[in-house]
Amino acid sequence: MLEKIKMIKFLDLQKITEKYTAEIHEAVSRVVDSGWYLQGQENEHFEKNYAKYIGSEFCIGVANGLDALRLILKAYIELGVMKEGDEIIVPANTFIASILAITDNRLVPVLVEPRLDNYQIDDELIEASITERTRGIMIVHLYGQCAFTDKIGDICSKYNLKLIEDNAQAHGCKYKGRKTGSIGDAAGHSFYPGKNLGAFGDAGAVTTNDKELAETIRSLANYGSARKYVFQYQGLNSRLDEIQAAILNVKLKYLDEDTQKRKDVATYYIENIKHPDIILPIVEDWDAHVFHLFPILTPKRDKLQEYLKENGVQTLIHYPIPPHKQQAYQDWNGLSFPITEKIHAQELSLPMSPIINPFDIAEVCQLINNYQVL
Ligand SMILES: *Cc1c(COP(=O)(O)O)cnc(C)c1O
């Protein structure tokens, strides 16, 4: 008899969806039957629900997370707060989308190294990067961990900088009782299927307490129009569709429960992985990490990944090439960011999701503990 070949998946979206199948079918059918597919009730409900969840006054549903960030900056330009050539500070080790949002608006990203202990922007290094052209700081709650610190808040006040949060990976994360996405002046959220709150395609949102900014973004995302056929800005088309909004309304109800399961997986990993060559994530405050990913650092990363793959465990690297080494940003290729480069060379993300079964997590831990470094 053939033995079943088992694979521990990095993220099993099909299995995640199973939990909500009935409710999602009902929600999608409701939209299909309604004959109304954009800018309708589902979107309105989701915006209201998500704003409440995050603790922001306004939420604008948009087409994806990159657009959410692009639109925030574009709105600041329309409002005269920023202009072409102004600088935005951003962590050097972020996912490329944070940086694309800046350069797409002809603003200049100023890359700042992260801390090696928690992979978040190093607040000790920010002030040295501020010039008279600096207009904002985009913090990225990378891997699901809060990047905000009181020091960052103080720097923003001192230099009159806008604080923009890239909350694509951190829905539900909290800093001293406040959700990330409600701390800065505005936040971009992604609901890409693999994110903690994931749609069935692309989706995103902006949250803010700034009414003028919210109105500008809503208009910019709708061709620059707040009134039909009247165009105030040269906008774009970036809207959250009714089917995605309906699905997100279902999944949002379970987000906190799912986040707790991610934390349980993380706790198990942290308590059970014991290997001299592996650095585990540090968690000082369990409210401030929603474990979008479970990143470890290890010097012979590629070998460990290969070993785990041979033993049926799927892992991913977040991310293999840092932004400043990408062809898309050739001018930066000669720059050196040693901490960023070290993270990119050593990071490995272990299987993480709300539905991964305890035996599989135990197996991953055991495999890692038995791993002999060659
Ligand atoms: C996913 C992600 C984005 C972009 O979101 P999309 O919805 O894929 O456009 C932006 N920033 C970070 C940190 C992300 O992880």
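K.L.:
Summarise the pattern of salt bridges; cite the residues concerned and give the values.
P.N.:
Side chains that differ in charge, positive against negative, can pair when their charged atoms come close. Counted by the stated rule, this structure contains 16 salt bridges. In this structure, Asp 117 engages Arg 115 in a salt bridge whose closest nitrogen and oxygen atoms are separated by 2.6 Å. The exposure class of Arg 115 is partly exposed, given its relative accessible area of 28%. For Glu 215, the salt bridge goes to Lys 211, with nearest N and O atoms at 3.3 Å. Placement of the pair is Glu 215 and Lys 211 together in helix 8 (residues 211-220), with a separation of four residues, close to one helical turn. Each of the salt bridges in this network shares a partner with another, and the network as a whole consists of Lys 83, Asp 86, Arg 133 and Arg 135.

K.L.:
Could you give an account of the nonpolar core, with specific residues and numbers?
P.N.:
In terms of nonpolar packing, the biggest core is built from 32 residues, with Leu 73, Met 138, Ile 164 and Ile 217 touching the most fellow members. Among the secondary structure elements, those contributing two or more residues to this core are strand 1 (58-62), helix 4 (65-78), strand 2 (87-91), helix 5 (96-104) and helix 8. Among the elements that make up this core, the one with the highest residue count is helix 4 (seven residues). Those residues in contact with Leu 73 that lie beyond four places of it in its chain are Met 82, Ile 88, Ala 101, Ile 102, Asn 105, Leu 107, Met 138 and Ile 164. Counting 26 residues, the second-largest nonpolar core is a separate cluster that includes Tyr 269, Ile 273, Phe 294 and Tyr 307.

K.L.:
Could you give an account of the pairing of strand 8 (residues 186-190), naming the residues involved and the relevant values?
P.N.:
With respect to burial, strand 8 is a largely interior element, five of its five residues being buried. Both faces of strand 8 are covered, namely the face carrying Ala 186, Gly 188 and Ser 190 and the face carrying Ala 187 and His 189. As defined by bridge partners, strand 5 (residues 162-166) adjoins strand 8 across three bridges and the pair is classed as parallel. Within strand 8, the residue paired with Glu 165 across the bridge is Ala 187.

K.L.:
Lay out the pairing of strand 1 with the relevant residues and their values.
P.N.:
Summarising burial for strand 1: four of the five residues are buried, a large majority. Strand direction decides the pairing type here: strand 1 and strand 9 (residues 204-208), joined by five bridges, are antiparallel. Bridging from a neighbouring strand, Phe 58 pairs with Thr 208 of strand 9.

K.L.:
Explain the sheet that holds strand 9 to me, and be specific about the residues and the numbers.
P.N.:
Spatial ordering of the open sheet is given by 1-9-8-5-4-2-3, a layout of seven strands whose pairing is mixed. One side of each edge strand has no neighbouring strand; the edge strands of this open sheet are strand 1 and strand 3 (108-112). For this sheet, the mean angle separating the axes of adjacent strands, direction not counted, is 20°. Where strand 8 and strand 9 come together, five bridges link them in antiparallel fashion. Opposite Gly 188, over in strand 9, you have Val 206 as the bridge partner. Against the sheet, helix 3 (residues 41-54) touches strand 1, strand 8 and strand 9, its axis set at about 130° to strand 1. Against the sheet, helix 8 engages strand 1, strand 8 and strand 9, with an angle of about 15° to strand 1.

K.L.:
Tell me about the environment of Asn 209, and name the residues and values.
P.N.:
On the secondary structure map, Asn 209 appears in the loop between strand 9 and helix 8. With a relative accessible area of 42%, Asn 209 lands in the partly exposed category. There is a polar contact of 2.7 Å between the side chain of Asn 209 and the backbone nitrogen of Glu 57.

K.L.:
Mind laying out the site of the ligand, listing which residues take part and the relevant values?
P.N.:
Taken together, Asn 64, Gly 65, Leu 66, Phe 95, Ala 97, Val 140, Asp 166, Ala 168, Gln 169, Ser 190 and Lys 195 make up the full set of residues adjacent to the ligand. The separation between an oxygen atom of the ligand and a polar main-chain atom of Gly 65 is 2.7 Å. Side-chain polar atom of Lys 195 to an oxygen atom of the ligand: 3.1 Å apart, as the coordinates give it. Contact with the protein chains hides 90% of the accessible area of the ligand, taken as 380 Å² for the molecule alone.

K.L.:
So, helix 3: which residues are in play, and what are the values?
P.N.:
With 14 residues, helix 3 extends 20 Å from end C-alpha to end C-alpha; this agrees with the ideal 20 Å at 1.5 Å per step. For helix 3, every residue scored as buried is listed here: Glu 42, Asn 43, Phe 46, Glu 47, Tyr 50, Ala 51, Tyr 53 and Ile 54. Down the axis of helix 3, the buried set is contained in an arc of 160°. They therefore lie on one face. Away from its buried face, by an angle of more than 90 degrees, helix 3 presents the exposed residues Gln 41, Glu 44, Lys 48 and Lys 52. One or two residues past the end of helix 3 sits Gly 55, with phi positive at roughly 90°.

K.L.:
Any chance you could break down the state of the cysteines for me, citing the residues and the numbers?
P.N.:
Scanning the model with the defined rule gives zero disulfides in all. Cys 146 forms no disulfide, and the closest cysteine sulfur to it belongs to Cys 173, at a distance of 5.0 Å. Judged by its relative accessible area of 8%, Cys 146 falls in the buried class.

K.L.:
Which residues make up the packing of helix 2 (residues 21-34) against helix 9 (residues 242-252), and what values go with them?
P.N.:
The N-to-C vectors of helix 2 and helix 9 enclose an angle of 150°; their axes lie 9 Å apart at closest approach. With respect to helix 9, the element helix 2 is oriented roughly antiparallel. Two packed elements cross with a definite hand, and for helix 2 against helix 9 that hand is right-handed. Where helix 2 abuts helix 9, its residues Glu 23, Ile 24, Ala 27, Val 28, Arg 30 and Val 31 lie against Glu 242, Ile 243, Ala 246, Ile 247, Val 250 and Lys 251. Of the residues contributing to the contact of helix 2 with helix 9, the split by class is eight nonpolar, no polar and four charged.

The rules behind these values
- Residues numbered from 1 in each chain as written.
- Predicted model: local features only at pLDDT ≥ 70, side-chain atom pairs only at ≥ 80, totals over all residues.
- Heavy atoms only, no water.
- Salt bridge = Lys/Arg side-chain N within 4 Å of Asp/Glu carboxyl O.
- Buried < 20%, exposed > 50% of the residue type's maximum accessible area, 1.4 Å probe, protein only.
- Helix = DSSP H or I, 4+ residues; strand = E, 2+ residues; numbered from the N terminus.
- Core = buried A, V, L, I, M, F, W, Y, C linked by side-chain atoms within 4.5 Å.
- Contact = heavy atoms within 4.5 Å.
- Pairing = 2+ DSSP bridges.
- Axes fitted to C-alpha atoms, helices over the stretch in contact; angles between N-to-C directions.
- Polar contact = N/O pair within 3.5 Å; in protein donor to acceptor, adjacent residues only side chain to side chain.
- Near = heavy atom within 4 Å.
- Areas by Shrake-Rupley, 256 points an atom, 1.4 Å probe, with all protein chains shown as cover.
- Expected span 1.5 Å × (residues − 1).
- Arc of directions from axis to C-beta.
- Disulfide = S-S within 2.5 Å.
- Parallel < 35°, antiparallel > 145°, perpendicular 65-115°, else oblique.
- Left-handed = near helix turned anticlockwise from the far one by under 90°.
- Nonpolar A, V, L, I, M, F, W, Y, C, P; charged D, E, K, R; others polar.

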